[in-house]
Amino acid sequence: MTDHIARQPKKILYVDMDNTLVDFQSGIDKLSDAERKRFEGDLDDVPGIFSLMDPMDGAIEAYEELAKLFDTYILSTAPWDNPMAWTEKLLWVKMHFGRDKKSPAYKRVILSHHKNLNKGDFIIDDRTMRGVDAFEGEHIHFGQAGFEDWEEVVAYMRTKA
């Protein structure tokens, strides 16, 4: 017999970036009128736009807490026609969460157009596109009733840890 108590592995949680961790509108607000006009309808294709964006209110603290409770990853989609966005998203994560091994997001960034291919227990995302609607775990629909802000999301997720 052993005194060792087996621990359950942490549940897997994915967190989207755009309009979930990242305030997409904050980047748009920093564009020039000429950039807005040139890329109208495709603002996510503006070179450099993702580097302009601020975090959503409470997002950084929420992610840091959730990373202690769950096996947490950032799962985002980058625009196909804006190759700089792939780099900018990683740089955004490093800027807001840190670059070293102590960062809760260190080597935990996944960029995919098919989020449903990732196996996990939960996904926090503001939309159902890019495979979120086919994700096998529970979709926490950020910005919707019950999950309107990070305070509500974290309160709910604490009960699921």
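Here, the structure is the one placed above.
Residues numbered from 1 in each chain as written. Predicted model: local features only at pLDDT ≥ 70, side-chain atom pairs only at ≥ 80, totals over all residues. Heavy atoms only, no water.

Caption draft 1: Structural detail: the overall build of the protein. Along the backbone of the protein there are five helices and seven strands. Traced from its N-terminal end to its C-terminal end, the protein shows the element sequence β-β-α-α-β-α-β-α-β-β-β-α. In terms of overall size, the protein behaves like a compact globule, its C-alpha atoms giving a radius of gyration of 17 Å where 161 residues would be expected to give roughly 15 Å. Once the C-alpha set of the protein is aligned to its principal axes, its extents read approximately 70 × 35 × 30 Å. Per-residue burial for the protein yields a buried fraction of 39% across its 161 residues. Considering only contacts in the protein between residues 6 or more positions apart, those separated by 24 or more positions represent 63%. Carbon and sulfur atoms make up 50% of the accessible area of the protein, which amounts to about 9500 Å² in all. Taking the 21 positively charged and 30 negatively charged side chains of the protein as two groups, their mean positions are separated by 8 Å. (Helix = DSSP H or I, 4+ residues; strand = E, 2+ residues; numbered from the N terminus. Rg over C-alpha atoms; globule rule 2.2 N^0.38 Å. Buried < 20%, exposed > 50% of the residue type's maximum accessible area, 1.4 Å probe, protein only. Contact = heavy atoms within 4.5 Å. Areas by Shrake-Rupley, 256 points an atom, 1.4 Å probe, with all protein chains shown as cover. Lys, Arg positive; Asp, Glu negative; His and termini not counted. Charge placed at Lys NZ, Arg CZ, Asp CG, Glu CD.)

Caption draft 2: Focus on helix H3 (residues 59-69). Taken together, the buried positions of H3 are occupied by Ala59, Ile60, Ala62, Tyr63, Leu66 and Ala67. Down the axis of H3, the buried set is contained in an arc of 160°. They therefore lie on one face. Along H3, the residues that are exposed and aim more than 90 degrees away from the buried face are Glu61 and Lys68. On its buried face, H3 sits against strand E1 (12-15), strand E3 (54-55), strand E4 (71-76), helix H4 (83-97), strand E6 (122-125) and helix H5 (150-158). (Arc of directions from axis to C-beta.)

This is a description of form; function is not addressed.
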